[in-house]
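Understanding the architecture of this molecule
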Amino acid sequence: MAQPAVPPSQAARPRPAAVPLRVPVRDILPWAVLALVLGAALLYFVGAEQGATSLFAGTWVHEFTHDGRHLLGFPCH
Ligand SMILES: [Zn+2]
């Protein structure tokens, strides 16, 4: 004899109402600011750390991020 896929005790049970997920802006704001600052620093080092806009002496930062620069389409050489 075949068994029902859903036991009779659970078949008539009402489903709980869907509750929308709350994401409080106050909780994620510091992380969003941190991500923005780190992203801007990363974008600077990949895209503009060269020549007159260079913060560090030498070309080691430029050489370290050189492949990323070309990958993202920044002008280089
Ligand atoms: Zn290059």
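Conventions and cut-offs
- Residues numbered from 1 in each chain as written.
- Predicted model: local features only at pLDDT ≥ 70, side-chain atom pairs only at ≥ 80, totals over all residues.
- Helix = DSSP H or I, 4+ residues; strand = E, 2+ residues; numbered from the N terminus.
- Buried ≥ 20, exposed ≤ 12 C-beta atoms within 10 Å, placed from the backbone.
- Contact = placed C-beta atoms within 7 Å.
- pLDDT = per-residue confidence, 0-100.
- Expected span 1.5 Å × (residues − 1).

1. Here we look at the overall build of the protein chain
Counting its regular elements, the protein chain contains four helices and zero strands. Along its sequence from the N terminus, the protein chain presents helices and strands in the succession α-α-α-α. Relative to its 77 residues, the protein chain shows a buried fraction of 4%.

2. A word on the environment of Gly47
Within the element layout of this structure, Gly47 appears in helix H2 (residues 25–47). Separated by 15 residues in the primary sequence, Gly47 and His62 place their C-alpha atoms 8.8 Å from one another. Apart from the residues lying within four places of it in its own chain, the contact partners of Gly47 are Arg69, Leu72 and Phe74.

3. Let's talk about the confidence of the model for the protein chain
Close inspection of predicted coordinates is inappropriate for parts of the model with low pLDDT. Summing up the model confidence of the protein chain, the mean pLDDT is 85 and the portion of residues at 70 or higher is 90%. Element-level mean pLDDT values for the protein chain span from 64 in helix H1 (residues 8–11) up to 94 in H2.

4. A short note on the environment of Val46
Along the chain, Val46 falls in helix H2. A count of 20 C-beta atoms within 10 Å places Val46 in the buried class. Sequence separation between Val46 and Asp67 is 21 residues; the distance between their C-alpha atoms is 8.9 Å. Val46 has contacts with Thr65, Gly68, Arg69, Leu72 and Phe74, leaving out every residue within four places of it along the chain.

5. Brief notes about H2
Over its 23 residues, H2 extends 31 Å from the first C-alpha to the last, a length consistent with the 33 Å expected when each residue adds 1.5 Å. The element H2 is largely exposed, with a buried count of one among its 23 residues.

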